[in-house]
Amino acid sequence: MPRGVVPRQPARSGRQDRVARAVSGAKSVPSQTAGRKDARAGTGPHAGPGRGSASAAAPRGRQKSTKPKAVPAGKIKGYNPVAGERVADILKRLDQLYPNVTCALTHASAWQLLVATILSAQSTDVNVNRVTPELFRKYPSVEALAAISPEQLEPDVRSTGFFRNKSKSVVGAAKKIVAEFGGQVPDDMEKLLTLPGVARKTANVVLGTWFKKAEGVVVDTHVHRISRRLELTTQDDPQKIEQDLMRVIPRQRWILFSHQMIWHGRGLCIARKPKCADCPLENLCHAGDKTWSTVAIHKHAKA
């Protein structure tokens, strides 16, 4: 052996050790010296043109798991996101998180719930709940709202957004209910869908929350987003999402499931920055936009 030439020694951190630690979730702090040796020798995680710097040490405090490489869910052998056992596990954990939740819109009748739901489009329940007490004091019955014009209602609902269209829908629904349904909100899906401003989401809210009829699944923005993240559907159209959910969620759970998903979307699975590290559903979720993960990421599992 030529004088002064010392055989390259394996990095003390060890490539296999790093893999094992990453899989187990333990902290991995590679040796900076070993990293530089590996880079010069053309091996190790820093090999390649223009790369020779050592990796940074793991951050202090709570250890966050690195996102695993995204893989297409369809290529995972034996994985079925809507398998009965997986869906049952999701429902069980939702029950533990939100055992008795219901609609957050303040209401005292089917008519008030219908109006509040129409006003909640592109708005928050908190904002709607600030508007409706004074609205229902000023117009205490469906007949009172049927007697005014949409323009008269606009100032009262302006803060909910899209107030002109919402005013037309509320007044139009009031007039139709008085004229065709004797002043009573119908408890039938087909009849509800004939009312101005009422689509399946609004109809499902009224039927499920007030009349306790499970005719479908409420698909609002939270249900839309979370059901896609949990791979319960791959659809983007609300009606197609509803049909997928109706196939995998037991009918007796449709009403509660919707409320639980909505509460989950407000509290933990927040759109811009989900609190994955605090979520009891975390290890069942392979969403591509998770902020922290202990499981593989599926690149198509996202809102």
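Basis of the calculations
- Residues numbered from 1 in each chain as written.
- Predicted model: local features only at pLDDT ≥ 70, side-chain atom pairs only at ≥ 80, totals over all residues.
- Heavy atoms only, no water.
- Helix = DSSP H or I, 4+ residues; strand = E, 2+ residues; numbered from the N terminus.
- Buried < 20%, exposed > 50% of the residue type's maximum accessible area, 1.4 Å probe, protein only.
- Contact = heavy atoms within 4.5 Å.
- Phe/Tyr/Trp six-rings, centres within 6.5 Å; stacked < 30°, edge-to-face > 60°.
- Lys NZ or Arg CZ within 6 Å of the ring centre and 35° of its normal.
- Salt bridge = Lys/Arg side-chain N within 4 Å of Asp/Glu carboxyl O.
- Axes fitted to C-alpha atoms, helices over the stretch in contact; angles between N-to-C directions.
- Parallel < 35°, antiparallel > 145°, perpendicular 65-115°, else oblique.
- Left-handed = near helix turned anticlockwise from the far one by under 90°.
- Nonpolar A, V, L, I, M, F, W, Y, C, P; charged D, E, K, R; others polar.
- Disulfide = S-S within 2.5 Å.
- pLDDT = per-residue confidence, 0-100.

**What about the overall build of the protein chain?**
At step 1: Helices and strands together make up the secondary structure of the protein chain, namely 13 helices and 0 strands.
At step 2: Order of helices (α) and strands (β) in the protein chain, N terminus to C terminus: α-α-α-α-α-α-α-α-α-α-α-α-α.
At step 3: Each of the 303 residues in the protein chain was classed as buried or not, and the buried ones make up 43%.
At step 4: Sequence separation of 24 or more characterises 58% of the internal contacts of the protein chain that already satisfy a separation of 6 or more.

**Overview of the packing of aromatic side chains**
At step 1: Under the criterion given, the structure shown has 0 aromatic pairs.
At step 2: Lying across the ring of Phe163, Arg158 places its NZ or CZ 4.2 Å from the centre.
At step 3: Sitting above the plane of the Trp263 ring, Arg266 keeps its charged end 6.0 Å from the centroid.

**Let's talk about unusual backbone geometry**
Across residues other than glycine, the phi torsion is negative in most instances, and most of the peptide bonds are trans.
At step 1: Backbone geometry places Lys212, a non-glycine residue, at a positive phi of 60 degrees.
At step 2: In this fold, Lys212 is placed in the loop between α10 (200-210) and α11 (221-229).
At step 3: Despite not being glycine, Glu231 has its phi angle at roughly 65 degrees, a positive value.
At step 4: Tracing the chain through its elements places Glu231 in the loop between α11 and α12 (238-248).

**Some remarks on the environment of Val185**
At step 1: Tracing the backbone shows Val185 in the loop between α8 (163-180) and α9 (189-192).
At step 2: The class of Val185 is buried, set by a relative accessible area of 12%.
At step 3: Along the sequence, Val185 and Ala173 sit 12 residues apart, while their C-alpha atoms lie 9.4 Å from each other.
At step 4: Leave out the neighbours within four places in its chain, and Val185 touches Ala110, Trp111, Leu114, Ile177, Leu192, Val206 and Phe211.

**Notes on the pattern of salt bridges**
At step 1: Per the counting criterion, the structure on display carries 12 salt bridges.
At step 2: Close ionic contact of Lys213 with Asp187 constitutes a salt bridge, the shortest N to O distance being 3.4 Å. Of this pair, Lys213 sits in the loop between α10 and α11 while Asp187 sits in the loop between α8 and α9, placing them 26 residues apart in sequence.
At step 3: Residues Arg251 and Glu215 are paired through a salt bridge, measuring 3.8 Å at the closest nitrogen-oxygen approach. A residue pair is termed long-range when its members are at least 10 positions apart, and Arg251 in the loop between α12 and α13 (254-267) and Glu215 in the loop between α10 and α11 qualify at 36 residues.
At step 4: Under the relative-accessibility criterion, Arg251 is labelled partly exposed at 46%.

**A word on the packing of helix α4 (residues 110-119) against helix α5 (residues 125-138)**
For any two helices packed against each other, the geometry is given by the interaxial angle and the distance between the axes.
At step 1: Where α4 meets α5, the axes come as close as 10 Å, and the angle between the chain directions of the two elements is 135 degrees. In terms of orientation, α4 lies oblique with respect to α5. Crossing geometry of α4 relative to α5 is assigned as right-handed. Along its contact with α4, which presents Gln112, Val115, Ala116 and Leu119, the element α5 presents Val128, Thr132, Leu135 and Phe136.
At step 2: In terms of residue class, the contact of α4 with α5 is built from 6 nonpolar, 2 polar and no charged.

**Things to note about the state of the cysteines**
At step 1: Following the criterion strictly, the structure yields 0 disulfides and no others.
At step 2: Of all cysteine sulfurs in the structure, the one in Cys285 sits closest to Cys276, which takes part in no disulfide; the separation is 6.3 Å.
At step 3: A relative accessible area of 6% places Cys276 in the buried class.
At step 4: Counting only cysteine sulfurs, Cys269 is the nearest neighbor of Cys279, a cysteine outside any disulfide, at a range of 6.5 Å.
At step 5: According to the relative accessible area criterion, Cys279 is buried, its value standing at 17%.

**Digging into the confidence of the model for the protein chain**
At step 1: In the predicted model, the protein chain carries a mean pLDDT of 83, and 75% of its residues have values of at least 70.
At step 2: Contacts of residues 5-63 to residues separated by more than four positions or lying in other chains number 47 contacts, the stretch itself having pLDDT below 50.

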